[in-house]
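Geometric and topological summary
What follows is each chain in one-letter form.
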Amino acid sequence: MDVWKAAAQRARTHGDVLVLAAGQPSTPAPAPVLRATRAAIDDELFGYTETFGILALRAAIAEHHAATYGYPVDPDEVVVTTGSSGAFSLLFLAAFDPGDTVVVARPGYPAYRNTLTALGCRVLELECGAETRFQPTVAMLEALPQPPAGLVVASPANPTGTMIAPDELAAVARWCEANGTLLISDEIYHGITYGERDGDSPTASAWETSREAVVIGSVSKYFSMTGWRLGWMLVPEQLRPALQRLASNLTVCPPAISQFAAVHAFDAEAKTELDDHVRRYALNRRLLLDGLPKLGITDLAPADGAFYAYADIGHLTDDSRQWCAEVLDGTGVALAPGIDFDTANGHRTVRFSFAGATADIETALVRLARYLRA
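Here we summarise the structure given alongside this text. Just so we're clear, the structure is a prediction, and the values are computed from it rather than from any experiment.

It is worth spelling out the environment of leucine 295 at this point. For leucine 295, the location among the structural elements is in the loop between α10 (268-294) and β9 (299-300). Measuring from C-alpha to C-alpha, the distance between leucine 295 and alanine 369 comes to 6.0 Å, with 74 residues separating the pair along the chain. Setting aside residues up to four positions removed in sequence, leucine 295 forms contacts with Leu365, Leu368, Ala369 and Leu372.

Running from N to C, helix α4 (residues 83-95) and helix α8 (residues 240-250) cross one another at 130°; their axes reach a closest spacing of 9 Å. It follows that α4 is oblique to α8 by the angle criterion. Where α4 crosses over α8, the two elements pack in a sense that is right-handed. Contacts between α4 and α8 involve Leu90, Leu91, Leu93 and Ala94 on the former and, on the latter, Ala242, Leu243, Leu246, Ala247 and Leu250. Residue classes in the contact of α4 with α8 are distributed as nine nonpolar, no polar and no charged.

As a further point, take the pairing of strand β3 (residues 101-106). Taking burial as the measure, the six residues of β3 include six buried ones, the bulk of the element. Alternating positions in β3 separate into two faces, Thr101, Val103 and Ala105 on one and Val102, Val104 and Arg106 on the other, with burial throughout. Since β3 and strand β4 (residues 122-127) lie parallel, the crossover through helix α5 (residues 110-118) that links them has a hand, and here it is right-handed. Pairing of β3 with strand β5 (residues 150-154), which is carried by two bridges, proceeds in the parallel orientation. Each bridged residue has a counterpart across the sheet, and for valine 102 the counterpart in β5 is glycine 150.

Our next topic: the side chain of threonine 349. Structurally, the position occupied by threonine 349 is in strand β13 (residues 349-353). Its relative accessible area of 7% is what places threonine 349 among the buried residues. Polar side-chain contacts of threonine 349 include one of 2.8 Å to the side chain of tyrosine 310.

Another point: helix α11 (residues 320-331). An ideal rise of 1.5 Å per residue puts 16 Å on twelve residues; α11 measures up with 16 Å between its terminal C-alpha atoms. Looking at α11, one finds that the buried residues are Ser320, Trp323, Cys324, Val327, Leu328 and Thr331. Along the axis of α11, the buried residues cluster in a sector spanning 135°; they form a single face. Residues of α11 that are buried make contact with α1 (2-13), β11 (333-334), β12 (336-337), β13 and α12 (358-373). Two residues or fewer after α11 comes glycine 332, characterised by a positive phi angle close to 80°.

Note that leucine 288 resides in helix α10. Counting along the chain gives 76 residues from leucine 288 to alanine 364, while the straight-line C-alpha distance between them is 9.7 Å. Setting aside anything within four residues of it in sequence, one finds leucine 288 in contact with Pro293, Ala309, Phe352, Phe354, Ile361 and Leu365.

On to the sheet that holds β9, then. In spatial order, the strands read β9-β10-β13-β12; together these four strands make up an open sheet with antiparallel pairing. Two strands bound the open sheet, and with one partner strand each, they are β9 and β12. In terms of strand pairing, β9 meets strand β10 (residues 308-312) through two bridges, oriented antiparallel. Within the sheet, the bridge partner assigned to leucine 300 lies in β10 and is alanine 311.

With the exception of glycine, the majority of residues adopt a negative phi angle, and the majority of peptide bonds are in the trans configuration. For the peptide bond that leads from arginine 106 to proline 107, omega is 5°, which places it in the cis range. Secondary-structure assignment places proline 107 in the loop between β3 and α5. In this chain, asparagine 158 is followed by proline 159 through a cis amide linkage whose omega measures 20°.

Let us now look at a nonpolar patch on the surface. On the surface, a cluster of nonpolar side chains totalling about 330 Å² of accessible area is made up of Met1, Trp4 and Val19. Structurally, the position occupied by tryptophan 4 is in helix α1.

Before going further, it helps to spend a moment on the packing of α11 against α12. Where α11 contacts α12, the axes come no closer than 10 Å and their chain directions differ by 110°. Accordingly, the angle class assigned to the pair α11 and α12 is roughly perpendicular. On α12, the residues that touch Trp323, Glu326, Val327, Gly330 and Thr331 of α11 are Arg367, Leu368, Tyr371 and Leu372. Class assignment for the residues of the contact of α11 with α12 results in five nonpolar, two polar and two charged.

So, about the environment of glutamate 142. Residue position: glutamate 142 is located in helix α6 (residues 138-142). We classify glutamate 142 as exposed; its relative accessible area is 55%.

What counts as what
Residues numbered from 1 in each chain as written. Predicted model: local features only at pLDDT ≥ 70, side-chain atom pairs only at ≥ 80, totals over all residues. Heavy atoms only, no water. Helix = DSSP H or I, 4+ residues; strand = E, 2+ residues; numbered from the N terminus. Contact = heavy atoms within 4.5 Å. Axes fitted to C-alpha atoms, helices over the stretch in contact; angles between N-to-C directions. Parallel < 35°, antiparallel > 145°, perpendicular 65-115°, else oblique. Left-handed = near helix turned anticlockwise from the far one by under 90°. Nonpolar A, V, L, I, M, F, W, Y, C, P; charged D, E, K, R; others polar. Buried < 20%, exposed > 50% of the residue type's maximum accessible area, 1.4 Å probe, protein only. Right-handed = clockwise from strand over helix to strand, strands pointing away. Pairing = 2+ DSSP bridges. Polar contact = N/O pair within 3.5 Å; in protein donor to acceptor, adjacent residues only side chain to side chain. Expected span 1.5 Å × (residues − 1). Arc of directions from axis to C-beta. Patch = residues over 30% accessible without salt bridge, like charges linked within 9 Å, V, L, I, M, F, W, Y side chains within 5 Å. Areas by Shrake-Rupley, 256 points an atom, 1.4 Å probe, with all protein chains shown as cover. Salt bridge = Lys/Arg side-chain N within 4 Å of Asp/Glu carboxyl O.

Structure, rendered in C-alpha cells:
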C-alpha cells in the first residue's frame, strides 16, 4: 500500500509511472459479466442475499470445479464470500482458537500471517527455498515437533508464482488429514499457468485428494474482477455451521450486484476473453525472465503461474524498501519490496508484477537498464 501511495504521488507530479507492483489484472471484467451487470441493475432489487451466496452463483462455481478438476461439488459445499480476504478471515475465525499453531510458507502472502496474528494464533513460518520451489513439503511437516492446527498453501503462490506438483499436494493433503491438520489451499491464481516447468502437469486442487481440506477461490485474478470483492470456499460440512453464524453477523452476505454478475464469469465467452489475458501474461513473463538476467538480476524464482517474478537483489541492496523507493524516484517504475512477503530475507528481494500492458514491461526494462548502469 505504501508503494501504491508513492506511485500515485509520482503519477501526479511526473505522469510517468509504470506500476509493476500491483497484484491485480490491468483489464476489466469479461464482457458477459459487464452485460449481466447492466441487466441486473434494471432487473434486480439488490437486497440481502443468502449469507453463503445466491444459488445460481454457487451452482456455477460448483460446475466450474467439476469441469476443471473432475470432482463433484454440491452447491451447498460452496460458501461465497466478500473476496478471498473475507474467506480467510471467516475461516480462521471458525477453525482456529487463540494460541493454535498455523503453518505458512515463507516467502508468502503477508495477509495470512497478519490476519492469523491479529486473531491470536501462533504463526509458524516454514522457510521454503528454491530446492522445493518455495513450497512446503511433507518432509518439512514431519520435522515439526507436533502437527499444527492448520497449514496454508498457495499454488500458484504469491509472491513467487511457484506451484506444488500434483503428487506433492496430494501427499500434503493426506498428511494433513491423517494428522488432524486443517489444510487450507489457496487456489485463487488457478487458470494463470504457463506450462514450462519440468514434467509439466495440470494444476492440482486439494479437493482431488481430501474433502477435509478447504479450497479458496476468487474472481479477482484469472477472472479479472478484483474490485468486485467476491471469493468463495469449498468447505467440509463440519465447518459450515460456524461459518454461517460468523458470516451472517460480520457481513450478512457478499455484495449482491457482484454475485449476480459473477454467475457469467464462468461462461465460455468469458473464458475465451480471460485466456487471451493469460497469453499476454505469458508474453510479459517471458520478457521479464529474459530481460532481468541481462540487467544482472539472475536469481529468480521459477514463475510457474500467477503474474509475478520474484528476484533476489542482494547484490544490489540489503534494504529492498529503500531500493524500491529509489527506483521509483529515479525511473518511475513501481516495484514491491520483498519485506512484505518474507520476514527474514525480504530485505534482499523484490516482486515484479507482469499483469499490465506488454509495452509497460518493455519500457520498464529499458528504464531499469539505464538506472542500473548509471
